[in-house]
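Residue-level structure breakdown
Given next are the chains, with one letter for each unit.
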Amino acid sequence: MKITDVTQGQVVQFVAKVDRSSKGQDIQTVEMRVDKVSDTHITGINVNRILDGTQDSPPYRTYKIANIVPDTVWLKLNN
């Protein structure tokens, strides 16, 4: 599966190299509900930031597709 095949509203998990991290991490495992996907970026609400309680507003984040580690994208299916 390619990250660009993901559609709005789906929940995906992937590993990404990050340029700036509030937690000082160079690599993060990201779980997000997708808002927008292009050939270069993916934007959505970072589920991990909601669950750890560090943010009061929806934690929208954008990640570069080029920074996503190959073969780490997982689509979470709703039952």
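Refer to the structure above for everything that follows.
Predicted model, so just to flag it, every value in this text is computed and none were measured.

Our next topic: the pattern of salt bridges. With the rule as written, the count across this model stands at one salt bridge. For the salt bridge of Glu-31 with Lys-76, the shortest nitrogen-to-oxygen distance reads 3.5 Å. Placement of the pair is Glu-31 in strand β2 (residues 27-37) and Lys-76 in strand β5 (residues 74-76), with a sequence separation of 45 residues. Residue class for Lys-76 comes out partly exposed when judged on its relative accessible area of 37%.

As a further point, take the pairing of strand β3 (residues 41-46). In this sheet, β3 lies alongside β2 in antiparallel orientation, the contact comprising five bridges. Bridge pairing in β3 links Arg-33 to Ile-45. Where β2 hands over to β3, the hairpin turn is made up of three residues, counted between the paired strands. Inspection of the sheet shows β3 paired to strand β4 (residues 60-64) by five bridges, in the antiparallel sense. Across the sheet, residue Gly-44 finds its bridge partner in β4, namely Arg-61.

Glancing now at the packing of aromatic side chains. Scanning the entire structure with this criterion turns up one aromatic pair. Between Phe-14 and Tyr-63, the ring centres sit 5.6 Å apart and the planes meet at 80 degrees, which makes this aromatic pair edge-to-face. A residue pair is termed long-range when its members are at least 10 positions apart, and Phe-14 in strand β1 (residues 11-17) and Tyr-63 in strand β4 qualify at 49 residues. Here Phe-14 and Tyr-63 have matching classes, each one buried.

Thresholds, definitions, all that
Along each chain, residues carry numbers from 1 onward, in the same order as the chain's sequence is written. In keeping with the predicted nature of the model, local features appear solely for residues at pLDDT of at least 70, side-chain atom pairs appear and are counted solely at 80 or more, and the whole-chain, interface and lining totals rest on all residues. No hydrogens and no water enter the side-chain calculation; it runs on all heavy atoms of the structure. Each salt bridge in this description consists of a side-chain nitrogen of Lys or Arg and a carboxyl oxygen of Asp or Glu lying within 4 Å of one another. Only DSSP runs of H or I covering at least 4 residues are called helices, and only runs of E covering at least 2 are called strands; the numbering of each starts at the N terminus. For every residue, the accessible area (1.4 Å probe, protein chains only) is compared with the maximum for its type, and the residue is labelled buried under 20%, exposed over 50%, or partly exposed between those bounds. At least two bridges found by DSSP between two strands is the condition for calling them paired. In this analysis, rings of Phe, Tyr and Trp, with Trp reduced to its six-membered ring, are considered paired at centre separations within 6.5 Å, and the interplanar angle assigns stacked below 30 degrees, edge-to-face beyond 60, and tilted for intermediate values.

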